[in-house]
Amino acid sequence: MKEQIVTSNIDLLLDTLPPHIRRPIEQDDRRDDLIEIVMDLGRLPEARYRDGEMLLSDMEVTREDIEYVVSRIGQFGEDNRAGIPRTLHRISAIRNRAGTIIGLTCRVGRAVFGTIDILQDLIQEGQSILLLGRPGVGKTTLLREMARVLADDLRKRVVIVDTSNEIAGDGDIPHPGIGRARRMQVPRPAEQHAVMIEAVENHMPEVIVIDEIGTELEAQAARTIAERGVQLVGTAHGNTLENLLINPTLSDLIGGIQAVTLGDEEARRRGTQKTVLERKAPPTFDVLVEIHHIDDMIVYRDVAAAVDALLRGDEPAPEHRWKDSDGQVRIEPASVQEPASMEQALRLAGRRAPAAGRDGRQSRGRERRGEDGDGRAEQERAASPGAAQTRTARIFPFGVSRNRLEKAIERLRVPATIVRDIDDATMVMTLKNHYRQNPARLQRAEEEGVPVYVLRSNTQTQMESMLADVFGMGAHDDPMTEALIETEEAIGRVINGAADAVELRPQSSFIRRLQHQMAERYNLHSESRGKEPYRRVKISR
């Protein structure tokens with residue numbers, strides 16, 4: 001294992017501070033753990049360490065104190081960031097409405113050599129790597145060291161597109177932390193995508209390094225670079241793969257999402273609704289790394305396979321990589337079911353359909369015809385699903401596929417079993433058509449107090465949604481899937497002549513784009529109407 005060497009040039013940052021603010025830091029033995037110094041007009045100055053904070057003076061920050069710092073650093077750019085030449089320190093400004101600086105955040109920048117043992121094999125393979133993680137977790141530090149290793153150890157032509165001079169430091173001479181890599185500065189943040197393309201066209205790089213891909217234009221530029229055969233190493237806004245998947249601006253980095261309408265036979269074979277979400281294109285990045293700590297990461301070695309698995313409702317197979325107490329790199333299969341946000345993210349990505357068409361009535365339930373905006377019937381809901389069952393539920397499938405129900409139970413891991421006799425059941429699951437025929441067995445079950453749950457279709461997705469409701473898993477409020485189902489129904493009404501045009505509920509721009517794609521596949525006209533946040537799609541012939 002390589003020894004980690006940290007360089008910070010912290011004395012150069014302290015030299016920019018007023019003496020009464022600088023002195024307490026110089027006398028503190030925790031300087032190696034200093035993260036940033038905060039100076040806000042009219043407040044006490046504060047130093048923030050890894051393990052806490054410390055007030056630096058009993059005098060409030062004055063305009064003279066702020067001017068003292070500003071006069072000793074580089075110029076602020078459009079992003080309100082400045083630096084100190086040939087260091088990695090970053091000074092960010094807070095301005096009032098008149099543009100006057102009333103606050104400063106002086107962040108300590110450190111170059112850490114020897115931090116990428118954990119990803120060494122991926123770098124040597126020449127694959128494009130995307131780093132994700134919360135602010136301050138070490139993405140830029142890792143990116144800087146990866147650029148140095150690619151340039152110095154692997155002898156590749158590396159160009160860094162440095163938007164805020166965070167990777168290679170302020171000034172015209174880059175910080176030695178990037179090694180032989182070359183650095184292109186970006187005059188304004190809005191021009192980062194243009195500088196990315198310029199780097200490829202003018203300087204023949206083998207590797208492009210980019211920090212903070214955050215706009216659609218930058219995502220498109222990254223795809224253009226990857227298609228030219230250049231290795232990409234970059235970071236993006238987001239903490240996890242699921243965050244990126246549901247981000248309409250950046251989802252193109254991992255292939256993008258599109259709504260696909262399946263034929264009846266294919267939908268039955270898959271056991272899903274007719275409209276599903278699929279990956280639109282090959283991912284821009286081959287490998288995705290979620291950084292939990294500089295020495296603790298989740299690695300998706302095949303981004304395409306991971307995205308496909310999530311959209312199918314399966315679990316991807318990432319690696320968990322970390323360093324043990326001896327500094328040795330450990331790799332083992334990771335469990336992606338642990339974070340609470342996973343379920344929510346996958347629902348937004350279309351993993352499970354909502355519980356549409358669920359009745360679950362205790363008494364023989366005449367359907368209540370409540371008209372909504374499109375004249376659709378709203379079915380009565382009862383039997384108070386959503387409360388988690390405390391005992392194993394015994395389900396009798398009346399006209400429902402037993403095999404699909406078994407798969408739904410197994411996949412959700414709910415305490416339920418299938419019985420062959422309705423008299424042994426604690427609940428019955430059936431289809432709307434069977435329920436309307438009012439069979440004697442269902443009548444008898446309801447009379448005996450056995451709840452009957454009615455599905456709209458005989459698909460595994462509908463069964464999973466019903467079970468999720470019954471066992472309190474809360475999967476019935478997925479806005480994206482509800483929107484796609486609404487679109488599917490509207491298309492059917494227009495094609496069948498039941499309506500000349502149908503106006504859908506207001507949605508986000510990303511969902512409206514999917515709705516337009518669905519209408520286009522059926523050669524129907526669609527247009528967006530209204531103003532945000534009430535902008536909606538109208539479908540017509």
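Residue positions are counted from 1 within each chain, in the order its sequence is given. Owing to the predicted nature of the model, reporting of local features is limited to residues with pLDDT of at least 70; listing and counting of side-chain atom pairs is limited to 80 or more, with chain, interface and lining totals taken over all residues. Only hydrogens and water are set aside; all other atoms, that is, all heavy atoms of the structure, feed into the side-chain values.

Asks: Outline the overall build of the protein, listing residues and values.
Replies: Along the backbone of the protein there are 17 helices and 28 strands. Each of the 541 residues in the protein was classed as buried or not, and the buried ones make up 51%. Contact criterion: two residues are considered in contact whenever any of their non-hydrogen atoms come within 4.5 Å of each other. Of all intrachain contacts in the protein linking residues separated by at least 6 positions in sequence, the fraction that spans at least 24 positions is 62%. As displayed, the protein offers around 25,400 Å² of accessible surface, 44% of which is attributable to carbon and sulfur atoms. Counting from the N terminus, the helices are DSSP H or I runs at least four residues long and the strands are E runs at least two residues long. For every residue, the accessible area (1.4 Å probe, protein chains only) is compared with the maximum for its type, and the residue is labelled buried under 20%, exposed over 50%, or partly exposed between those bounds. Areas reported here follow the Shrake-Rupley algorithm with a probe of radius 1.4 Å; residue values treat only the protein chains shown as occluding.

Asks: Quick rundown of the pattern of salt bridges? Include the residues and the values.
Replies: What counts as a salt bridge is simple: a side-chain nitrogen of Lys or Arg found within 4 Å of a carboxyl oxygen of Asp or Glu. Applying the stated criterion across every chain yields a total of 28 salt bridges. D162 is paired through a salt bridge with R183; the nearest N and O atoms lie 3.0 Å apart. With a gap of 21 residues between them, D162 in strand β10 (residues 158-162) and R183 in strand β11 (residues 182-185) connect regions that are remote in the sequence. Overall, the relative accessible area of 1% leaves D162 in the buried class. The closest approach of N and O atoms between E191 and R188, which form a salt bridge, is 2.1 Å.

Asks: Report on helix α6 (residues 192-203), specifying residues and quantitative values.
Replies: Its 12 residues place the ends of α6 16 Å apart at the C-alpha level, agreeing with the 16 Å of an ideal helix rising 1.5 Å per residue. For α6, the set of buried residues is Q192, V195, M196, I197, A199 and V200. In this structure, the buried side of α6 is in contact with β10, β11, β12 (207-213) and α7 (216-227). Looking one or two residues past α6, M204 carries a phi angle of roughly 50°, positive in sign. Expected helix span is given by 1.5 Å per residue-to-residue step, counting one fewer step than there are residues.

Asks: Break down the environment of P283 for me, citing the residues and quoting the values.
Replies: Residue placement: P283 occurs in the loop between β15 (275-279) and β16 (287-293). On the basis of relative accessible area, P283 is assigned to the buried category, the value being 17%. Residues P283 and S128 lie 155 residues apart in sequence; the distance between their C-alpha atoms is 9.9 Å. Sequence-distant contacts of P283, that is, excluding residues within four places in its chain, are made with R223, L253, I254, G255, V303 and A304.

Asks: An account of the sheet that holds strand β25 (residues 452-455) is needed here, citing residue identities and associated values.
Replies: Note on pairing: two strands pair once DSSP finds at least 2 bridges between them. Taking strand neighbours across the sheet as the criterion, the four strands line up as β23-β22-β24-β25 in an open arrangement whose pairing is parallel. A single partner strand is all that each edge strand has here, and the edge strands are β23 (416-418) and β25. Strand-to-strand twist across the sheet, computed as the mean angle between neighbouring axes with direction ignored, equals 30°. Sheet topology note: the strand β22 (residues 393-398)/β23 ladder contains three bridges and is parallel. Of the residues in β23, the one forming a bridge with A393 is A416. In this fold helix α15 (residues 460-470) packs onto β22, β24 (427-431) and β25, with an angle of close to 145° to the strand it touches most, β25. Every angle, taken between N-to-C directions, lies between 0 and 180 degrees, and every axis is a line fitted to C-alpha atoms, over only the stretch in contact when it is a helix.

Asks: Would you mind going over the packing of α6 against α7 in detail, with residue names and values included?
Replies: At their nearest, the axes of α6 and α7 sit 8 Å apart, and the two run at 15° to each other. Taken together, the axes of α6 and α7 are roughly parallel relative to one another. Crossing handedness for the pair α6 and α7: left-handed. Mapping the contact onto sequence places Q192, H193, M196, I197 and V200 in α6 and L217, E218, A221, A222, T224 and I225 in α7. Note on terminology: angles under 35 degrees are roughly parallel, angles over 145 are roughly antiparallel, angles of 65 to 115 are roughly perpendicular, and the others are oblique. By convention, the crossing between two helices is left-handed when the near helix turns anticlockwise from the far helix through less than a right angle, and right-handed when the turn is clockwise.

Asks: Outline the environment of M480, supporting the account with residue identities and numerical values.
Replies: Looking at the secondary structure, you find M480 in helix α16 (residues 479-495). Look at M480 and you get buried, because its relative accessible area is 6%. Spatially, the C-alpha atoms of M480 and L514 are 9.7 Å apart, while their sequence positions differ by 34 residues.

Asks: Run through the sheet that holds strand β6 (residues 90-95), naming residues and quoting values.
Replies: Spatial ordering of the open sheet is given by β4-β3-β2-β7-β6-β5, a layout of six strands whose pairing is antiparallel. This sheet does not close on itself; its edge strands, each paired only once, are β4 (52-55) and β5 (81-83). Strand-to-strand twist in this sheet, taken as the mean axis angle between neighbours without regard to direction, amounts to 20°. Here β5 pairs with β6 via three bridges, running antiparallel. Bridge assignment links G83 to a residue of β6, and that residue is R90. Each of β2 (34-40), β3 (46-49) and β4 is contacted by helix α2 (residues 19-27), which is oriented at about 160° to β2, the strand it contacts most. Across the sheet, helix α3 (residues 63-70) is in contact with β2 and β7 (101-107); its angle to β7 comes to roughly 50°.

Asks: Could you give an account of the packing of α16 against helix α17 (residues 509-521), with specific residues and numbers?
Replies: The geometry of α16 relative to α17 is characterised by a closest axis approach of 10 Å and an angle of 30° between their N-to-C directions. Put simply, α16 runs roughly parallel to α17. For α16 against α17, the interelement crossing comes out right-handed. Together, M480, A483, L484, T487, E488 and I491 of α16 and F510, I511, L514, Q515, M518 and A519 of α17 make up the contact between the two elements. Ten residues, namely Ala, Val, Leu, Ile, Met, Phe, Trp, Tyr, Cys and Pro, are considered nonpolar, four, namely Asp, Glu, Lys and Arg, are considered charged, and the remaining ones, Gly among them, are considered polar. Of the residues assigned to the contact of α16 with α17, the class counts are nine nonpolar, two polar and one charged.

Asks: If you had to explain unusual backbone geometry to someone new, which residues and values would you point to?
Replies: A cis geometry characterises the amide bond from E532 onward to P533, with omega recorded as 5°. Counting through the fold element by element, P533 comes out in the loop between β27 (525-529) and β28 (536-540). Although it is not a glycine, R86 sits at a positive phi angle of roughly 65°. Relative to the elements of secondary structure, R86 occurs in the loop between β5 and β6. Even without a glycine there, the phi angle at R155 is positive, about 55°. Following the sequence through the fold, R155 ends up in the loop between α5 (139-153) and β10.

Asks: Please set out the nonpolar core residue by residue, giving values where relevant.
Replies: Soluble globular proteins tend to pack their nonpolar side chains together in the buried interior. In these notes, a set of buried Ala, Val, Leu, Ile, Met, Phe, Trp, Tyr and Cys residues joined through side-chain atoms within 4.5 Å is what counts as a nonpolar core. Judged by nonpolar contacts, the single largest core of 57 residues is most densely connected at I208, L253 and L288. The contacts of L288, once residues within four sequence positions are left out, are L130, L132, L241, L244, I254, I298, V299, Y300 and V303. Core analysis: the second largest hydrophobic core is formed by 30 residues, I167, A181, V287 and V299 among them.

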